[in-house]
Amino acid sequence: MKPEEPATTGADLLVKALIDEDVEVVFGYPGGAVLPIYDSLFKQNRLRHILVRHEQAAVHAAEGYARSTGKVGVVLVTSGPGATNAVTGLTDALMDSIPIICLTGQVPTHLIGNDAFQEADTTGITRPCTKHNYLVKAVGNLARTVHEAFYVARSGRPGPVVIDLPKDVLMNKHDYVAPPKVAAEHKSYRPQTKPDLRKIEQAVEMIAGAKRPVFYVGGGVINSGPKASKLLAQFVRMTGYPITNTLMGLGAFPASDKQFLGMLGMHGTYEANLAMHGCDVMINIGARFDDRITGNLTKFSPGSKKIHIDIDPSSINKSVRVDLAIIGDATLALEEMIKVWKARQPKVDLKALKAWWAEIETWRARNCLAYKTGGETIKPQFALERLYHHIKNTDHYITTEVGQHQMWAAQFLKFEQPNRWMTSGGLGTMGYGFPAAMGVQIAHPDALVIDVAGEASILMNIQELSTVAQYNLPVKIFILNNHYMGMVRQWQELLHGGRYSESYSESLPDFVKLADAFGAVGLRCHEPDKLDGVIEEMIKTKRPVVVDVLVDEAENCFPMIPSGAAHNEMLLGPDDKAGKVSEEGMVLV
Amino acid sequence: MNAPAEIQSHTISVLVANEPGILARVVGLFSGRGYNIESLTVAETDAKESLSRITIVTKGTPMIIEQIKAQLDRLVPVHRVRDLTVEGPHIERELALVKVKGVGEKRVEALRLADVFRAKVIDAKTDSFVFEVTGTTGKVQTFIGLMESLGVVDVGRTGIVAMSRGGEPL
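Everything numeric here is computed off the predicted structure, so don't read it as measured data.

Attention now goes to the packing of helix H3 (residues 55-69) of chain A against helix H17 (residues 433-443) of chain A. All names here are of chain A. Where H3 contacts H17, the two axes come as close as 6 Å, and the packing angle between them is 45°. In terms of orientation, H3 lies oblique with respect to H17. The handedness of the crossing between H3 and H17 comes out as right-handed. The segment H3 lies against H17, with Ala57, His60, Ala61, Gly64, Tyr65, Ser68 and Thr69 engaging Pro435, Ala436, Met438, Gly439, Val440 and Ala443. Class assignment of the residues belonging to the contact of H3 with H17 gives a composition of eight nonpolar, five polar and no charged.

All names here are of chain B. A surface patch of nonpolar side chains, about 260 Å² in accessible area, is lined by Leu23, Val27, Ile37 and Val42. Within the fold, Leu23 resides in helix H1 (residues 22-32). The class of Leu23 is partly exposed, set by a relative accessible area of 34%.

As a further point, take the environment of Glu493 of chain A. Within the fold, Glu493 of chain A resides in helix H19 (residues 486-495). C-alpha separation for the pair Glu493 of chain A and Ala325 of chain A, spaced 168 residues apart in sequence, amounts to 41 Å.

Within a sheet, adjacent strands bond to each other through the backbone by hydrogen bonds, running parallel or antiparallel. Residue and element names in this part refer to chain A. Pairing is parallel in the open sheet, where six strands are placed in the order S11-S10-S9-S12-S13-S14. Two strands lie at the open edges of the sheet, namely strand S11 (260-263) and strand S14 (324-327), each paired on one side alone. Across this sheet, the average inter-strand angle for adjacent strands is 15°, counted without regard to direction. One ladder, built from five bridges, connects strand S12 (residues 281-285) with strand S13 (residues 305-310); its direction is parallel. Within S13, the position partnered with Ile285 by the bridge is Ile309. Across the sheet, helix H8 (residues 197-208) lies against S12, S13 and S14, angled at about 135° from S14, the strand it touches most. Across the sheet, helix H14 (residues 350-365) is in contact with strand S9 (213-217) and S11; its angle to S11 comes to roughly 45°.

A covalent bond between the sulfur atoms of two cysteines is referred to as a disulfide. If you walk through the whole model with that rule in mind, you get zero disulfides over all chains. Its sulfur unpaired, Cys279 of chain A is 18 Å from the next cysteine sulfur, which belongs to Cys368 of chain A.

Buried accessible area, meaning the area lost when the parts come together, often serves as the stated size of an interface. Residue and element names in this part refer to chain B. We note that the domain assignment places domain 1 (8-87) and domain 2 (91-162) within chain B. A C-alpha centroid distance of 29 Å is found between domain 1 and domain 2. Listed as interface residues are nine residues of domain 1 and, on the opposing side, six residues of domain 2. When domain 1 packs against domain 2, the two sides together hide about 480 Å² of surface, and 51% of this comes from carbon and sulfur. For the domain 1 face of the interface with domain 2, the top three residues by lost area are Thr11, Thr41 and Thr55, together amounting to 57%. Across the contact surface, domain 1 and domain 2 share zero salt bridges. At the surface where domain 1 touches domain 2, the tally comes to four residue pairs in polar contact (both at pLDDT 80 or more). Of all the secondary structure elements, the ones that give two or more residues to the side of domain 1 that touches domain 2 are strand S1 (8-17), strand S2 (39-46) and strand S3 (51-60). Taken together, the residues of the side of domain 1 that touches domain 2 break down into three nonpolar, five polar and one charged.

This brings us to the interface of chain A and chain B. Across the contact, 21 residues belong to chain A and 17 residues belong to chain B. When the buried surface of chain A facing chain B is broken down by residue, Arg127, Ser188 and Arg321 of chain A rank first, second and third, together holding 31% of it. Run the count over chain A and chain B and you get two salt bridges. Applying the counting rule to chain A against chain B returns seven residue pairs in polar contact (both at pLDDT 80 or more). Its residues assigned to classes, the side of chain A that touches chain B comprises six nonpolar, eight polar and seven charged.

What follows is about the side chain of Asn317 of chain A. Examined against the element boundaries, Asn317 of chain A turns out to sit in the loop between S13 and S14. Reaching out from Asn317 of chain A, the side chain makes a polar contact with the backbone nitrogen of Val322 of chain A at a distance of 2.9 Å. Polar contacts involving the side chain of Asn317 of chain A include one to the side chain of Glu66 of chain B, which spans 3.0 Å. Sequence-distant contacts of Asn317 of chain A, that is, excluding residues within four places in its chain, are made with Val322 of chain A together with Met63 and Glu66 of chain B.

Turning to H1 of chain B, a few remarks are in order. Every buried residue of H1 of chain B is accounted for by Ile22, Arg25, Val26, Leu29 and Phe30 of chain B. The buried residues of H1 of chain B occupy one face: seen down the axis, they fall within an arc of 130°. Projecting away from the buried face of H1 of chain B at angles above 90 degrees are the exposed residues Ser31 and Gly32 of chain B. Where H1 of chain B is buried, its residues touch strand S6 (132-135) of chain A together with S1, S3 and helix H2 (62-74) of chain B. Positive backbone phi, approximately 75°, marks Gly34 of chain B, located one or two places after H1 of chain B.

Turning our eyes to something else, we now look at the packing of aromatic side chains. According to the stated counting rule, one finds 17 aromatic pairs over all chains in the structure shown. Arranged with centres 5.7 Å apart and planes meeting at 90°, the rings of Phe235 of chain A and Trp341 of chain A form a pair that is edge-to-face. Placement of the pair is Phe235 of chain A in helix H10 (residues 226-239) and Trp341 of chain A in helix H13 (residues 330-344), with a sequence separation of 106 residues. Classification of Phe235 of chain A by relative accessible area gives buried; the value is 0%. When the centroid spacing of 5.5 Å and the interplanar angle of 40° are considered together, the rings of Phe129 of chain B and Phe131 of chain B count as tilted. Three or more aromatic residues joined by ring pairs make a cluster, and in this case those are Phe215, Phe235, Tyr241 and Trp341 of chain A. For the cation-ring pair, Lys16 of chain A lies above Tyr176 of chain A, with the distance from its terminal atom to the ring centre recorded as 4.7 Å. Sitting over the ring of Tyr397 of chain A, Arg420 of chain A keeps its end group 4.2 Å from the ring centre.

A word on the sheet that holds strand S15 (residues 396-400) of chain A. All names here are of chain A. Spatially, the six strands line up as an open sheet ordered S16-S15-S17-S18-S20-S19, and their pairing is parallel. Each of the sheet's edge strands pairs with one partner strand only, and the pair in question is strand S16 (421-422) and strand S19 (521-525). Note that S15 and S16 share two bridges and pair parallel. Bridged to Thr399 within S16 is Met422. The strands touched by helix H16 (residues 404-412) within the sheet are S15, S16, strand S17 (448-454) and strand S18 (476-481), with S17 carrying the most contacts at an inclination of about 135°.

The nonpolar side chains of a soluble globular protein tend to be buried, and buried together. Residues and elements named next belong to chain A. Counting residues in hydrophobic clusters, the biggest one holds 109 residues, and the most contacted among them are Leu232, Ile285, Met337, Leu384, Leu387 and Phe478. Broken down by element, this core gets its largest block of residues, seven residues, from H13. Setting aside chain neighbours within four positions, we find Leu384 in contact with His405, Trp408, Ala409, Phe412, Leu413, Val452, Phe478 and Leu480. Formed by 45 residues, the second largest nonpolar core is a distinct cluster that contains Val25, Cys129, Ala436 and Val546.

The tally for this structure, following the rule as stated, stands at 35 salt bridges over all chains. Between Lys299 of chain A and Glu569 of chain A there is a salt bridge, with the nearest N and O atoms lying 3.5 Å from each other. Of this pair, Lys299 of chain A sits in the loop between helix H12 (291-294) and S13 while Glu569 of chain A sits in the loop between strand S20 (545-550) and helix H22 (583-587); the two residues are 270 residues apart in sequence, bridging distant segments of the chain. Here the salt bridges share partners, and the residues they tie into one network are Arg157 and Asp312 of chain A together with Arg74 of chain B.

About the cut-offs
Residues numbered from 1 in each chain as written. Chains lettered and ligands numbered in written order. Predicted model: local features only at pLDDT ≥ 70, side-chain atom pairs only at ≥ 80, totals over all residues. Heavy atoms only, no water. Axes fitted to C-alpha atoms, helices over the stretch in contact; angles between N-to-C directions. Helix = DSSP H or I, 4+ residues; strand = E, 2+ residues; numbered from the N terminus. Parallel < 35°, antiparallel > 145°, perpendicular 65-115°, else oblique. Left-handed = near helix turned anticlockwise from the far one by under 90°. Contact = heavy atoms within 4.5 Å. Nonpolar A, V, L, I, M, F, W, Y, C, P; charged D, E, K, R; others polar. Patch = residues over 30% accessible without salt bridge, like charges linked within 9 Å, V, L, I, M, F, W, Y side chains within 5 Å. Areas by Shrake-Rupley, 256 points an atom, 1.4 Å probe, with all protein chains shown as cover. Salt bridge = Lys/Arg side-chain N within 4 Å of Asp/Glu carboxyl O. Buried < 20%, exposed > 50% of the residue type's maximum accessible area, 1.4 Å probe, protein only. Pairing = 2+ DSSP bridges. Disulfide = S-S within 2.5 Å. Domains from an automatic or database assignment. Buried area = accessible area lost by both parts, 1.4 Å probe. Polar contact = N/O pair within 3.5 Å; in protein donor to acceptor, adjacent residues only side chain to side chain. Arc of directions from axis to C-beta. Phe/Tyr/Trp six-rings, centres within 6.5 Å; stacked < 30°, edge-to-face > 60°. Lys NZ or Arg CZ within 6 Å of the ring centre and 35° of its normal. Core = buried A, V, L, I, M, F, W, Y, C linked by side-chain atoms within 4.5 Å.

Dropping the structure here:
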């Protein structure tokens, strides 16, 4: 840690540290406490600053940037309300394990604790919604803290890290400290990435001996980097076993592959959920047995031996007890498993596997995603099928908001590669998709970036139309407008006797005029046979576009595992009568 | 899998960087995830390395206890987490200050009992004593219980500190 440069201000040190951490873009919003940083940004041209219209959107944009590039997303907000507005985004990033650095301004150190103007206890507020946070109290610690924060954010199970920066610290002077050359040797934080080889061998043995196996793969494989997805595909094809992805894991395995069963979980496919229920060996790589996946825990995959590979030891045995736990990075674990598999050339029980596939094919033949075509009205599923038809051969990225449209997007859009699908999985944040799409578009200026939205979700961060207009980001917002908070309405229909309490989207804006008011392009479609033309126009318009697709208001998202039910108790369509929701199920969300 | 699991008490030692907010991180983890804290003690134990030792007594099913340890270990400033209850024999001690007010025979009896429990008188007035008693939680509890009828007016307890037996450090 030797000084390299003459003394500079904390703000300049910060900017230098960001550049040294390979940061290219910062999503932010200025304010009193961060004025020194904005002054430093003004005097340089290495870092690009994207001015959002709300701090929550800054974090989601950074998430979109991070998820589509594999890099750390960086956010800069002011003290007090700047920091509190960022909290939803930080929680979102924590739940979905997205590497984010959030720089928050703070009142000068001598005013901390005085209820000063725009003061908030930012480290206190963000402690439970970050992987870690720092309050930098002396400029001498600033550069080192920034480097450590990046290391913490991107290593192990990634997550958001807040650095709270009092204004005096930003104005005081100190020498710069370069990032440590070797991977930071942190005193107490040392995530385990290398898997235990004996356990890898045990895993291969269990996998090879399976008669009814299934791979259950989540976002951990995507977070591990594109190589993990390549290795996954290689290993899964070597075994010939079926594979299902979680919502977060879509794209980790090519959706067009015959071995892919689709997404599993509450709105997953019939074949994926029944394979999970009936398997004898479950190979979980980078997924966390989330409650949307497992349904009723007591009935979850009762007859299977479970292997769980995860980088986070606290994910092991959290809700589901597993038979073999391997702590480590997915890339390294897959590399080792492939190595052992090749060396041993295990004899798989092909007869059993054939019978298992035959059973799966009967489930697949049930065609669980089928829907009744709508006649005069556009079915949301149809809209997404048409959308996919037009984008499948383009370089595209999809983000979503949260609700029915999100689940339909997960079901009907096919992902062949990782890092192409950005959705708020853990927190379920309405308002995520549009700012996330901005972040994706910043990282991939020439790609087609589409936010599949609902008319309710999109209003939660609609102010960002101003941002996309300012930077001329050609983000496409594809609204499936059913005039309802659709998933709320669906639950009210199935669980609350059709009492649609407060779920009707009253007084909606005219989205076409709204787009126009912000300097974007607005399109509308309500006839099925005009949809293709509208989608084509959306794609060819090299400007931000809002497409208001008026869809069937009553359509529900199926298949559905009702709360409290097991994987083999799915509702497959509107004719599957509800009433299957148990008393215990009612209290679940 | 869902058989009613047995609730067990575990004593966990956590070695942490002595930095602002560390206690809040640990306590917030327990409250945020709904874990129990039966007892908690914390103090700096290594000034040179700036390390503090937190001793937590908690209750839960084996699965919850496993979670608690994994969650603690995940905190960035946590150096080491050790479950003394499962890692072999260990000793636990607690210290209590007990203020007893009374005169005459009760006062004499209090002194006698204190002697039996090897409690020290660390403050005396003509109508009161403050006793310092150390020992296992059970012993401290019993002492306080016996003193109850002799005029306990105030009790302060440290909570449990614990250490493994034998020559190995944490």
